[in-house]
Amino acid sequence: MLMESFTRRRNCYILFLCFFVCYVTASVTYDHKAIVINGKRRILISGSIHYPRSTPQMWPDLIQKAKDGGVDVIETYVFWNGHEPSQGKYYFEDRFDLVKFIKVVQQAGLYVHLRIGPYVCAEWNFGGFPVWLKYVPGVAFRTDNEPFKAAMQKFTTKIVSIMKSENLFQSQGGPIILSQIENEYGPVEWEIGAPGKSYTKWFSQMAVGLNTGVPWVMCKQEDAPDPIIDTCNGYYCENFSPNKNYKPKMWTENWTGWYTDFGTAVPYRPAEDLAFSVARFVQNRGSYVNYYMYHGGTNFGRTSSGLFIATSYDYDAPIDEYGLISEPKWGHLRDLHKAIKQCESALVSVDPTVSWPGKNLEVHLYKTSFGACAAFLANYDTGSWAKVAFGNGHYDLPPWSISILPDCKTEVFNTAKVRAPRVHRSMTPANSAFNWQSYNEQPAFSGESGSWTANGLLEQLSQTWDKSDYLWYMTDVNISPNEGFIKNGQNPVLTAMSAGHVLHVFINGQFWGTAYGSLDNPKLTFSNSVKLRVGNNKISLLSVAVGLSNVGVHYEKWNVGVLGPVTLKGLNEGTRDLSKQKWSYKIGLKGESLNLHTTSGSSSVKWTQGSFLSKKQPLTWYKTTFNAPAGNDPLALDMSSMGKGEIWVNGQSIGRHWPAYIARGNCGSCNYAGTFTDKKCRTNCGQPTQKWYHIPRSWLNPSGNVLVVLEEWGGDPTGISLVKRT
Ligand code: GAL
């Protein structure tokens, strides 16, 4: 009896000790071969999922689908401007509940790579920086600048301490095995020289000093100082080597497709080429591959960056914008990951021997002393198949492909032999017609309440601080009865030059036209004859930002808005320059200040309907209610009949719509074989770049959902329909 209780006590003690020891010894290190987790070298497959680009309700399913697809690590950036929208006021709720997201990953048994940045690029508004940061006195972004460094350090430290307090680093038993500081800083440093170098030195030491207990990485930064690992980003990374021979070869961004801009055709990347790039990297000693993006998701609200980044961030990722697996990409990569995992023990144990059995052919052989053996047979020819003799066998390789033989005998996978089904996804109608009401807002004019004046033209962001996409520029023009054009009927020409991104022109309350920039050139010029009357004329220019730039050396200095000149040509005096005269300013639209997108706000105006429903009118708000369609299929709005604006469901913004921007580009056929670029494979030419806008299911109630659309240009809401993604 005594003995029994002693044994039980001893067992408990051992269990406790083991728990304690396992807990404290959980470790992540690295060597020249791989990331080493708890003493074991690992070949790691990682996938980017950015938490605010989906909803917390979607997270478990997305992560499970990533796990089922053979992903070990979820990589995400941290989005500073989402977490600190105004200085010192933090937000970590809902889609920005970073801790919850990481815990969902942990519950699924996966690891996390936390790319803190806090510069993130990512087609995210202002590259992740809060707009207030631009107005901290003396600040300059991403260089050896004290106010900037102080803010960066404060935010980075805050994120690390939140993670530590929740025990989320692997060194504490949590899922985070890696962290990234900065993002692709190498090219910037190269351009700006000395201050860039000292900034790199500073942020490296700052990061390492935070003692996370797990390695730091820097992507695209050849001079990453020890112990930080420099990593590769790109469509291919097989030729990359880290800056020290004791660091592992890692790929932080393998682009699974590319982002979409309003006005350009939609990019995609064939699954065969994506798998080929991964196999090529792994056969060349690569031990960590991250898919950027594994699920791209949606740029809800006004989170997408300039220039002209679309609301959909689908990215042609293995999981589509709506959270459905995208075949054959998802299944093909799952098969690839299985094959790679079968090779893991050979890959992490020895260096390969490489041979060249013929033109454009290459063999990588990983043969260990303990019997494990893996081989990769490659055919780099872009046009012809090859028969490769290897061991006692012959292997048929399609063009631009790699076969994986985890036992050096059996081909279990070839990157160009796609077994996963090619599934066509479609949108099917999900409701009967909406019953719309409209409210037409009048353009603002100089001197109206809430406006202020200045001499000359002001830069837009300096006025709005990005609280709204919209800034009114308003001025008065006096026309004397003696003007020649009054008699000869030759209207003067108004020319307005803007740094971007969209401009709507109103003269005496009448809509007079629109001009807009593009990805290649955000600047725009409006130039058109305008009808002016004798006496005072009200000129109102509505300047619209479509996201703030996220990339480029000192992109914080890029301007938005009407910077001029603004001129009137064809007067008796010739051309009158209006640029330096008195201008009035007003931020945002009336409907925004009235909160028309909310249930309470929408009762503050009188809506019209039926035969009075406003159509094809600029500055129109529309609202309707609808019931959630039965089932779980993801939902979207087909906005093809509309122009440009923003959409809200139950008060939440599902993003900017701009179906009137028709995609330019070349959408010819696309062969998977041969080097991929983001311009190689495109769809949607001649169609709206984006006509479907995702409505997350979790934002809906069973009935009585309020849908509000702000239309800037003019559209026909009766053409809007709710569709299901199947
Ligand atoms: C990379 C950058 C990412 C993302 C990507 C394009 O250079 O690091 O954040 O912007 O380009 O999607």
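As the structure is a prediction and not an experimental result, all values here were calculated from the model. Positions within a chain are numbered from 1, following the residues in the order the chain's sequence is written. The predicted nature of this model means local features are confined to residues of pLDDT at least 70 and side-chain atom pairs, given and counted, to a pLDDT of 80 or more, with totals for whole chains, interfaces and linings taken over all residues. Each side-chain value is derived from all of the structure's non-hydrogen atoms; neither hydrogens nor water enter the calculation.

What about the pairing of strand β36 (residues 652–657)?
The side chains of a regular strand alternate, residue by residue, between the two faces of the sheet.
Thought 1: Burial of β36 is extensive: 5 of the 6 residues sit out of reach of the surface.
Thought 2: For two strands to be treated as a pair, DSSP must find no fewer than two bridges joining them. A helix here means a DSSP run of H or I that spans at least four residues, while a strand means a run of E at least two residues long, and both kinds are numbered starting from the N terminus. For strand β35 (residues 645–649) and β36, the ladder comprises 5 bridges, and the chain directions are antiparallel. When the bridges of β36 are listed, Trp648 appears paired with Ser653.
Thought 3: Hairpin remark: β35 followed by β36, antiparallel, with 2 residues in the connecting loop; positive phi at Asn650, about 50°. Throughout, exposure labels follow a simple rule: accessible area from a 1.4 Å probe, protein chains only, divided by the maximum for the residue type, with under 20% read as buried, over 50% as exposed, and the rest as partly exposed.

Brief notes about the nonpolar core
Thought 1: In terms of nonpolar packing, the biggest core is built from 134 residues, with Leu114, Leu133, Met163 and Leu336 touching the most fellow members.
Thought 2: A total of 8 residues in this core trace back to one element, the largest contributor, which is helix α6 (residues 146–165).
Thought 3: By the convention used here, residues are in contact when the closest approach between their heavy atoms is within 4.5 Å. Residues contacting Met163, with those up to four places away along its chain left out, are Leu98, Val99, Ile102, Leu114, Leu168, Phe169, Gln172 and Ile176. Nonpolar cores are built from buried Ala, Val, Leu, Ile, Met, Phe, Trp, Tyr and Cys residues. Side-chain atoms within 4.5 Å join them into one set.

Thoughts on the pattern of salt bridges
Thought 1: Within this document, salt bridges are pairs made up of a side-chain nitrogen of Lys or Arg and a carboxyl oxygen of Asp or Glu, the two lying within 4 Å of each other. Under the definition given, this model contains 35 salt bridges.
Thought 2: For Asp351, the salt bridge goes to Lys33, with nearest N and O atoms at 3.3 Å. Here the residue Asp351 occupies a position in the loop between α11 (344–349) and β13 (353–355), and Lys33 occupies one in the loop between β1 (28–30) and β2 (35–37), the gap between them amounting to 318 residues.
Thought 3: A relative accessible area of 41% means that Asp351 is categorised as partly exposed.
Thought 4: Residue classification places Lys33 among the buried residues on the basis of a relative accessible area of 7%.
Thought 5: Of the charged contacts in the structure, one is a salt bridge between Lys341 and Asp72, with a shortest N-O distance of 2.6 Å. One end of the pair, Lys341, is in helix α10 (residues 329–342); the other, Asp72, is in the loop between α2 (59–68) and β5 (73–77), and 269 residues separate them in sequence.
Thought 6: Each of Arg42, Asp72, Lys341 and Glu344 takes part in salt bridges that share partners, so that together they form one network.

Re the site of the ligand
Thought 1: As a matter of local geometry, the ligand sits amid 14 residues, with Tyr77, Glu123, Glu184, Glu253 and Tyr315 nearest to it.
Thought 2: Two N or O atoms form a polar contact when they lie within 3.5 Å of each other; inside protein one atom must be a possible hydrogen donor and the other a possible acceptor, and for residues adjacent in sequence the pair counts only when both atoms belong to side chains. Contacts to the ligand include Val120, whose backbone N or O atom sits 3.1 Å from an oxygen atom.
Thought 3: At a separation of 2.5 Å, an oxygen atom of the ligand approaches a polar side-chain atom of Tyr315. Any residue with a non-hydrogen atom lying within 4 Å of a molecule or strand is treated as near it.

So, the UniProt feature "domain: Glycoside hydrolase 35 catalytic" (unreviewed entry) in the protein
Thought 1: UniProt positions are given in the numbering used here, feature names are shortened, and annotations may be inferred rather than shown by experiment. In the numbering used here, UniProt assigns the "domain: Glycoside hydrolase 35 catalytic" (unreviewed entry) feature to residues 35–339.
Thought 2: When the span residues 35–339 is considered, its composition is 31% helix and 19% strand, and the gap between its end C-alpha atoms is 19 Å.

Here we look at the confidence of the model for the protein
Thought 1: Residues of the protein with pLDDT of at least 70 account for 97%, and the chain-wide mean is 95.
Thought 2: On a range of 0 to 100, pLDDT expresses the predictor's confidence in each residue. Ranking the elements of the protein by mean pLDDT puts helix α1 (residues 2–25) last with 42 and strand β4 (residues 44–49) first with 99.
Thought 3: Within the model, the stretch residues 1–25 combines pLDDT values under 50 with 7 contacts to residues more than four positions away or in other chains.

Quick look at the side chain of Asp638
Thought 1: Looking at the secondary structure, you find Asp638 in strand β34 (residues 635–638).
Thought 2: Residues scored as positive are Lys and Arg, those scored as negative are Asp and Glu, and His as well as the terminal groups of each chain are ignored. The side chain of Asp638 sits in the buried core without any salt bridge; Lys691 is the nearest counter-charge, 4.2 Å away.
Thought 3: Engagement of the side chain of Asp638 in a polar contact is seen with the side chain of Ser640, the distance being 2.4 Å.
Thought 4: Residues within four places of Asp638 in sequence aside, it is in contact with Lys691, Trp692, Gly719, Ile720, Ser721 and Val723.

Some remarks on the state of the cysteines
Thought 1: For this text, the term disulfide refers to a pair of cysteine sulfurs within 2.5 Å. On inspection of all chains with the given rule, the structure shows 4 disulfides.
Thought 2: At a sulfur-sulfur separation of 2.0 Å, the disulfide partner of Cys232 is Cys237. What sets the handedness of the Cys232 and Cys237 disulfide is the S-S torsion sign, and at about -80° it is left-handed. Comparing Cys232 with Cys237 shows no difference in burial state: the two are buried.
Thought 3: Through a disulfide, Cys373 is tied to Cys408; the S-S separation comes to 2.0 Å. Disulfide Cys373 to Cys408: torsion about the S-S bond roughly -85°, handedness left-handed. One end of the pair, Cys373, is in strand β15 (residues 373–379); the other, Cys408, is in the loop between β18 (401–405) and β19 (413–414), with 35 residues separating them in the sequence. The burial state of Cys373 is the same as that of Cys408; both residues are buried.
Thought 4: Going through the protein in sequence order and numbering each bonded cysteine, the pairs you get are 1-2, 3-4, 5-8, 6-7.
Thought 5: Distance from the sulfur of Cys343, which forms no disulfide, to the nearest cysteine sulfur (Cys408) is 8.2 Å.

Overview of the domain arrangement of the protein
Thought 1: Each domain span listed reflects an automatic or database assignment of domains. Here the protein is partitioned into domain 1 (39–327), domain 2 (338–420), domain 3 (427–438 + 595–725) and domain 4 (442–588).
Thought 2: For domain 2 and domain 3, the distance between their C-alpha centres works out to 47 Å.
Thought 3: Accessible-area loss on putting two parts together, using a 1.4 Å probe and summing over both, is the definition of buried area adopted here. Carbon and sulfur atoms make up 61% of the surface buried where domain 2 meets domain 3, a total of about 360 Å² over both sides.
Thought 4: The interface formed by domain 2 and domain 3 holds 0 salt bridges in total.
Thought 5: Here domain 2 and domain 3 share 1 residue pair in polar contact (both at pLDDT 80 or more) between them.
Thought 6: In this count, Pro and Cys sit with the nonpolar residues alongside Ala, Val, Leu, Ile, Met, Phe, Trp and Tyr, while Asp, Glu, Lys and Arg are called charged and the others, Gly among them, polar. Here the side of domain 2 that touches domain 3 is built from residues that sort into 4 nonpolar, 1 polar and no charged.

As for the sheet that holds strand β28 (residues 535–544)
Thought 1: Strand order in the open sheet formed by 6 strands is β22-β31-β23-β28-β25-β26, and the pairing between neighbours is antiparallel. At either end of the open sheet lies a strand with only one pairing partner, and these are β22 (452–455) and β26 (510–516). Across the sheet, the mean angle from the axis of one strand to that of its neighbour is 25°, orientation sign disregarded.
Thought 2: Taken together, the 4 bridges between strand β23 (residues 470–479) and strand β31 (residues 582–587) define a ladder with antiparallel strand orientation. Considered in β31, the bridge of Tyr473 is made with Tyr585. Axis lines are fitted through C-alpha atoms, for helices just across the contact stretch, and the angle between N-to-C directions can take any value from 0 to 180 degrees.

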